[in-house]
Each structure stands twice: as structure tokens, then as C-alpha cells.
Amino acid sequence: MPPVFAHGRLRLYLLKLLDEAPRHGYEVIRLLEERFQGLYAPSAGTVYPRLSKLEAEGLVTYATEGGRKVYSITEAGRAELADRSGELADLELEIRDSVTELAAEIRSDVRGAAGDLRREMRAAATASATQVGEEDSWKAAKEELRKARQEWKEQARRAKDESRRAREEAQAARRQAKEAQDRAREEVQRIAGQLQEQFARSGGVLGSLAGAWLGGTASAPADAAADAADAGGWAADLAPTGDPARDLDRLLDRFRDEVRDAARDRGVSATQVAEARDHLAAAAARLATTFTPRP
């Protein structure tokens, strides 16, 4: 029998089912059986340990109702679903393929059983050719064969319907993932536009930030104090580009790199981090004043 879920994919699909609505373990098993049109039904030994593991990871939680655990997805679980939306769409396609493979296995089994039944009927008909009830026996065998063929057709139809439904759900999931990506891209562009508009109003901002960072550190080394005294010539090698927003981005990148290099080369303690936070807060306040339009 082909595997229905690849490694780790059942865990992701359980999060999807719990995102739809809170459910207890038996309901999760029943839903999986329905989605596979009865071609696959996971055991309790497969589902419950995975639900317990998701609960231990903080992705789901549960409440006891009527003596049963009803599981619900947490915000952390929804965040993982959002991060793996593309993988979830691929999973829907894998489910469709698994249903198709299961249906193929069933068709093969039915064909084999029908062939065996046909051979047995012919042997029985040959053995009873001289008996009075030969015609009745043959009719009964033909009826059994007809029923077997009908059952095979019904199972094939159900597998085809499930395959179509899984394909439609996968397409819908991909559309939703693309829409979410588009919305996120538009939001990033909107924020970037606001920042660029603010940066375009300012000039010499990094000099203020460097002064706030270096000027308030009484215990800084002598070379840092010298740098603060000469803040006006800091980053003089970065020639203006004519675009204030871009110039500011370059200055901020230089400032960030130098602070990180200093922390890496000289080491950093918890006390220094707290002191750095105060300096950055003061610098942020000065920057806010710089960004304020002047009359």
C-alpha cells in the first residue's frame, strides 16, 4: 500500500484541521477518513501521539469536555501554518496523489479478485457441466461477477471525485498563499515609502545619532571619545548620491556595522547593553526632533 502522508506531513495536516475548528481526537480520525472517501483511516495510535507532541510544542492546546480532550490550535500553530502555506498547498496535491494511488491499488485488487472469481466460475461450470443445475450455477456466478465489477466502478468513482476535490483545494490554498504574499509585499512597500518620505526631510542625521551614542558614554575608551569629538568628519568617504533617502540608508548601514564590529572586537556585557539602550533611546529622541518639519 503506498504511504498516504510523507514524513512530517500528517503533523501539518492536523494543524490545518484544528485551524478549521476545535476537535477531539476521534473527530480528527473521522474527518481524515471522510476526506479520503473511506480509502484511508488513520489509527488512534497514529493520531493521538502526534496531537500530544503538538501540544508539548505549544502549537495546540486542549480543554476537557465530557471526559474527552478537545484540541484547539494556538497562535504559534497558526503562525507555523502561515509560514508553511506553500508547503500546505503541496500537501493537498500529495493527498490527491495518495488517493489516486490508493484507488489504483484497489482497482488492481478488484481486477485480481474478479479474475480469480472468473477462473473459479469457469472451473466450477466445467466440473458441473454434466449436472442438471449447470445453467443456474452459471447465472449465479455471472451475478457475482457483475456485483464485483459494480463495486470496483463505485470505488473508482469515489477515488476520482476525491482526487478532483483535493486538486481544487490545493489550487485554492495556492491562491490564498499568493494573496497573502501580495498583501505582505504591499505593506512592506507602504512602510518603505513612509520611511523614505521621512528620510528625505532630514540631513546630517547620522552625526546626531553618533553624537548621542558616543557623547553619553563616560566610560568609553579614549579612541571612542576622539571619534565623538570628530563626529563631523565621520563617514566622509561616503560621497553623496543626490538621493537623501539613499544617503541616509548608507550612513545607517555604516553606523550599524561599526557598532557591531566594536561589540564583537571588544566584547559586550549585560551592563553595557543596558547603557547602550539608554544611548539609543536618547539618539532616537534626537532623530525624532530632526525629522519634525521646521516652520
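Residues numbered from 1 in each chain as written. Predicted model: local features only at pLDDT ≥ 70, side-chain atom pairs only at ≥ 80, totals over all residues. Heavy atoms only, no water.

Some thoughts on the overall build of the protein
Helices and strands together make up the secondary structure of the protein, namely ten helices and three strands. Secondary structure elements of the protein occur, N-terminal to C-terminal, as α-β-α-α-β-β-α-α-α-α-α-α-α. Counting only residues that meet the buried cut, the protein has 30% of its 295 residues in that class. Considering only residue pairs separated by 6 or more positions, the protein has 68% of its internal contacts joining residues 24 or more positions apart. (Helix = DSSP H or I, 4+ residues; strand = E, 2+ residues; numbered from the N terminus. Buried < 20%, exposed > 50% of the residue type's maximum accessible area, 1.4 Å probe, protein only. Contact = heavy atoms within 4.5 Å.)

Quick look at the environment of R30
Tracing the sequence through the fold places R30 in helix α2 (residues 25-35). For R30, a relative accessible area of 32% puts it in the partly exposed group. Between the C-alpha atom of R30 and that of A41, which follows or precedes it by eleven residues, the distance is 7.5 Å.

Here's the deal with helix α3 (residues 44-56)
Owing to its 3.6 residues per turn, the α-helix brings residues three or four apart onto one side. Taking 1.5 Å of rise per residue, 13 residues should cover 18 Å, and α3 covers 18 Å from first to last C-alpha, within 8% of that figure. Along α3, the positions that sit buried rather than exposed are V47, L51 and L54. Looking down the long axis of α3, one finds its buried residues gathered within 60° of arc, a one-sided arrangement. Of the exposed residues in α3, the ones pointing more than 90 degrees away from its buried face are G45 and A56. Check the buried side of α3 and you find it contacts α1 (9-20), α2, β2 (60-65) and β3 (68-73). With its phi angle positive at about 80°, G58 sits one or two positions after the end of α3. (Expected span 1.5 Å × (residues − 1). Arc of directions from axis to C-beta.)

A few points about unusual backbone geometry
Despite not being glycine, A235 has its phi angle at roughly 60°, a positive value. The residue A235 is located in the loop between α8 (222-229) and α9 (244-266) in this model.

Quick word on the side chain of R23
Within the secondary structure layout, R23 lies in strand β1 (residues 23-24). In terms of polar contacts, R23 uses its side chain to reach the side chain of E27, at 3.5 Å. Among residues more than four places away in sequence, those in contact with R23 are L17, L18, V28, L31, K69, V70 and Y71. (Polar contact = N/O pair within 3.5 Å; in protein donor to acceptor, adjacent residues only side chain to side chain.)

Here we look at the sheet that holds β2
Taken in spatial order, the three strands line up as β1-β3-β2 in an open sheet, and their pairing is antiparallel. A single partner strand is all that each edge strand has here, and the edge strands are β1 and β2. Pairing analysis gives two bridges linking β1 to β3, with the strands arranged antiparallel. Counted as the bridge partner of H24 is V70 from β3. Contacting β1, β2 and β3, α1 runs over the sheet at an angle of about 95° to β3. Most of the contacts of α3 go to β2, to which it runs at about 115°, and overall it touches β2 and β3. (Pairing = 2+ DSSP bridges. Axes fitted to C-alpha atoms, helices over the stretch in contact; angles between N-to-C directions.)

Things to note about the nonpolar core
One finds L14, L15, L18, V28, L32 and V47 to be the most contacted residues of the largest nonpolar core, which totals 23 residues. For this core, the secondary-structure elements that each account for two or more residues are α1, α2, α3, β3 and α5 (85-127). Looking at this core element by element, the count peaks at seven residues for α1. Ignoring sequence-local partners within four residues, the contact set of L18 consists of R23, V28, L51, V60, Y71 and I73. (Core = buried A, V, L, I, M, F, W, Y, C linked by side-chain atoms within 4.5 Å.)

Regarding the environment of D19
Within the secondary structure, D19 sits in helix α1. Expressed as a C-alpha distance, the spacing of D19 and R78, which sit 59 residues apart in the sequence, is 7.1 Å. Setting aside residues no more than four positions away along its own chain, D19 makes contact with I73, R78 and L81.

Focus: the pattern of salt bridges
Evaluation of the coordinates by the stated rule reveals 23 salt bridges. With its nearest N and O atoms 2.7 Å apart, the salt bridge here joins E34 to R30. Pair noted here: E34 and R30 are both in helix α2, with a separation of four residues, about one helical turn. In this structure E34 comes out as partly exposed when scored by relative accessible area, which is 41%. (Salt bridge = Lys/Arg side-chain N within 4 Å of Asp/Glu carboxyl O.)

Here we look at the pairing of β3
Of the pairings in the sheet, the one linking β2 to β3 comprises six bridges and is antiparallel in character. Each residue of the ladder has a partner; that of T64, found in β3, is K69. Hairpin connection of β2 to β3: two residues between the antiparallel strands, including G66 at a positive phi of 60°.

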